[in-house]
Amino acid sequence: MLAKIKQTVAFLESKLPEIPAVGIILGTGLGDLANQITDKIELPYETIPNFPVSTVEGHSGKLIVGKLGQRKVLAMQGRFHFYEGYSMQEVTFPVRVMAALGINTLLLSNAAGGMHPDFEIGDLMLIRDHINLFPEHPLRGKNSESLGTRFPDMSEAYSKTLREKAKKIAQDNHIKLQEGVYVGTQGPTFETPAEYAYFRIIGGDAVGMSTVPEVIVARHAGLHCFAISIITDLGVLGKIVEVTHEEVQQIANNVQPLMTLLMKELVADL
Ligand code: HPA
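Everything numeric in this text was worked out from a predicted model, so none of it was measured.

1. A closer look at the packing of aromatic side chains
Under the criterion given, the structure shown has seven aromatic pairs. Judged by centre distance (6.3 Å) and plane angle (75°), the ring pair of Phe51 and Phe80 falls under edge-to-face. In this pair, Phe51 is assigned in the loop between strand S2 (38-44) and strand S3 (62-68) and Phe80 in the loop between strand S4 (71-77) and helix H3 (88-101), connecting sequence segments 29 residues apart. Each member of the pair Phe51 and Phe80 is classed as buried. Centre to centre, the rings of Tyr198 and Phe199 are 5.4 Å apart; their planes meet at 40°, and the pair counts as tilted. Residue Phe199 is classed as buried on the basis of its relative accessible area, which comes to 6%. Connected via pairs of aromatic rings, a cluster forms that spans Tyr45, Phe51, Phe80, Tyr86 and Phe93.

So, in structure tokens, the structure goes:
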């Protein structure tokens, strides 16, 4: 893996005039933020050595490097999910590359099912913490000390400073912002009512199929992390209805402008 990271980093350094300090992973239906990036260079994943190619509907895959407001950012439009069949090393490879490039802050977004009884469809939820229920750990196996420590600390996986900044931004812009614990599961099934109830009991406020592996690897590499979920459906007893991928994307699309504003302001404030 070290050799692959090195090769990919060398390729990107040869393509990019300047390496940003901020990385962004744009999740389901959140492509709009990418449209706000100016002076950009776009690199489709299939042109980047060692990058997996994303397969799922609605996730176009490219790396976008440019300016968000006055800040240089490197954004991943489309991520790799464990349920697609990628190994955990593949899912998190781009985060390794970002870290090796010198990026120090990682912002992520995703779509999630809400389990907190006060949540409504279309809410934004700041991720305060996560519960990792993926069946495989991205750091399983021989540890390379050059990438990070064997036993990484996870006491503040999601930067408190960045969360406080985001809350202030939300308040100033009258954006309703929930905060909670994200449960990361492998999918691709949405949850049964009993599973939503179980995830609620163990301390979850929302559940989704991404983000956790990327944040684990980012923390291993020492990056500051910040993540927001769009609540696209509810796993709350009495409110559980059929969920489809299309609906998830539709709701995420509707909320895009708020998410974009929040992320943009946050990047400006870094
Ligand atoms: N469960 C898991 N992942 C999701 C959900 C959900 O209810 N909604 C959007 N992504």
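2. Notes on the site of the ligand
Contacts to the ligand come from Ala111, Ala112, Gly113, Phe190, Glu191, Tyr196, Val207, Gly208, Met209, Thr232, Asp233 and Val248. Between a nitrogen atom of the ligand and a main-chain N or O atom of Ala111, the distance comes to 3.4 Å. Measuring from an oxygen atom of the ligand, one finds a side-chain N or O atom of Asp233 at 2.6 Å. Compared with its free state, where it exposes 260 Å², the ligand has 96% of that area covered by protein. Of all elements in the fold, only strand S5 (105-114), strand S8 (206-208) and strand S9 (224-234) reach the threshold of two or more residues within the shell around the ligand. Per-element tally for the shell around the ligand: the top contributor is S5, with three residues. Looking at side-chain class alone, the shell around the ligand contains seven nonpolar, three polar and two charged residues.

3. So, the pairing of S4
Burial of S4 is extensive: five of the seven residues sit out of reach of the surface. Direction of pairing for strand S1 (residues 22-26) relative to S4: parallel, over a ladder of five bridges. Bridge pairing in S4 links Ile24 to Ala75. When S3 meets S4, the two strands line up antiparallel, connected through seven bridges. Directly across from Lys67, in S4, lies its bridge partner Lys72.

4. What about the nonpolar core?
Among the nonpolar cores identified, the biggest contains 49 residues, and Leu12, Ile48, Phe51, Leu63, Leu74 and Leu106 are the most heavily contacted of them. Put simply, the parts of the chain that give this core at least two residues each are helix H1 (2-15), S3, S4, H3, S5, strand S6 (124-132), helix H6 (212-220) and S9. Of all the elements, H3 adds the most residues to this core, at seven residues. In terms of nonpolar packing, the next biggest core, distinct from the first, is built from 28 residues, Ala34, Ile64, Leu68 and Met259 among them.

5. Side note on H6
One full turn of an α-helix is made of 3.6 residues, so residues set three or four places apart face in the same direction. Across the nine residues of H6, eight count as buried, placing the element largely inside the fold. Looking at the packing, one finds that the buried side of H6 touches S1, H3, S5, S6, strand S7 (177-184) and S9. In the segment just after H6, Gly222 is the residue with positive phi, at about 85°.

6. Considering the layout of surface pockets
Empty pockets left among the atoms are what a rolling probe the size of a water molecule brings to light. Of the voids in this model, the second largest pocket is the one considered here, and its volume is about 210 Å³. If you trace the second largest pocket, you find 16 residues lining it, with Met1, Arg96, Lys142, Ser144 and Leu147 closest to the centre. Among the secondary structure elements, those contributing two or more residues to the lining of the second largest pocket are H3 and H6. For the lining of the second largest pocket, the leading source of residues is H3, giving three residues. Split into classes, the residues belonging to the lining of the second largest pocket amount to six nonpolar, six polar and four charged.

7. Structural notes on a nonpolar patch on the surface
Nonpolar side chains collect at one region of the surface, where Leu133, Tyr198, Ile201 and Ile202 lie side by side and expose about 390 Å² of accessible area between them. For Tyr198, the position within the fold is in helix H5 (residues 193-201). Classification of Tyr198 as partly exposed rests on a relative accessible area of 44%.

About the thresholds
- Residue positions are given per chain, counted from 1 along the sequence in the order it is written.
- For this predicted model, a pLDDT threshold of at least 70 governs which residues receive local features, and a threshold of 80 or more governs which side-chain atom pairs are given and counted, while totals over whole chains, interfaces and linings are taken from all residues.
- Only hydrogens and water are set aside; all other atoms, that is, all heavy atoms of the structure, feed into the side-chain values.
- Two rings belonging to Phe, Tyr or Trp (six-membered ring only in the last case) form a pair when the distance between their centres is within 6.5 Å. Interplanar angles under 30 degrees mark stacking, angles over 60 mark edge-to-face geometry, and anything in between is tilted.
- Secondary structure counts use DSSP, requiring at least four H or I residues in a row for a helix and at least two E residues in a row for a strand, with both numbered from the N terminus.
- Throughout, exposure labels follow a simple rule: accessible area from a 1.4 Å probe, protein chains only, divided by the maximum for the residue type, with under 20% read as buried, over 50% as exposed, and the rest as partly exposed.
- Note on terminology: near, applied to a residue and a molecule or strand, indicates that one of the residue's heavy atoms is within 4 Å of it.
- Contacts described as polar in this section are N or O atom pairs within 3.5 Å, which, within protein, must combine one atom able to donate a hydrogen with one able to accept it, while residues neighboring in sequence count only if both atoms come from side chains.
- The Shrake-Rupley method, run with a 1.4 Å probe, gives the accessible areas here. Residue values count only the displayed protein chains as cover.
- Note that Gly is not counted as nonpolar here; it falls among the polar residues with everything else outside the nonpolar set of Ala, Val, Leu, Ile, Met, Phe, Trp, Tyr, Cys and Pro and the charged set of Asp, Glu, Lys and Arg.
- Whether two strands pair depends on DSSP finding at least two bridges between them.
- Only buried Ala, Val, Leu, Ile, Met, Phe, Trp, Tyr and Cys residues count toward a nonpolar core, and they belong to the same one when joined by side-chain atoms within 4.5 Å.
- Between two residues, a contact is recorded if the distance between any of their heavy atoms is within 4.5 Å.
- Detection works on a 1 Å grid of protein atoms alone, calling trapped sets that fit a 1.4 Å probe cavities and calling open sets with protein on both sides within 12 Å along at least five of seven lines pockets, with lining residues defined by an atom within 4 Å of a point.
- Grid points are joined across faces, edges and corners, and a volume is the space filled by probe spheres set on the points.
- Patch membership needs two things, relative accessible area over 30% and no salt bridge, and members are linked within 9 Å if like-charged or within 5 Å if nonpolar (Val, Leu, Ile, Met, Phe, Trp, Tyr).
- A pairing counts as a salt bridge when a side-chain nitrogen of Lys or Arg comes within 4 Å of a carboxyl oxygen of Asp or Glu.

Geometry only, nothing functional implied.
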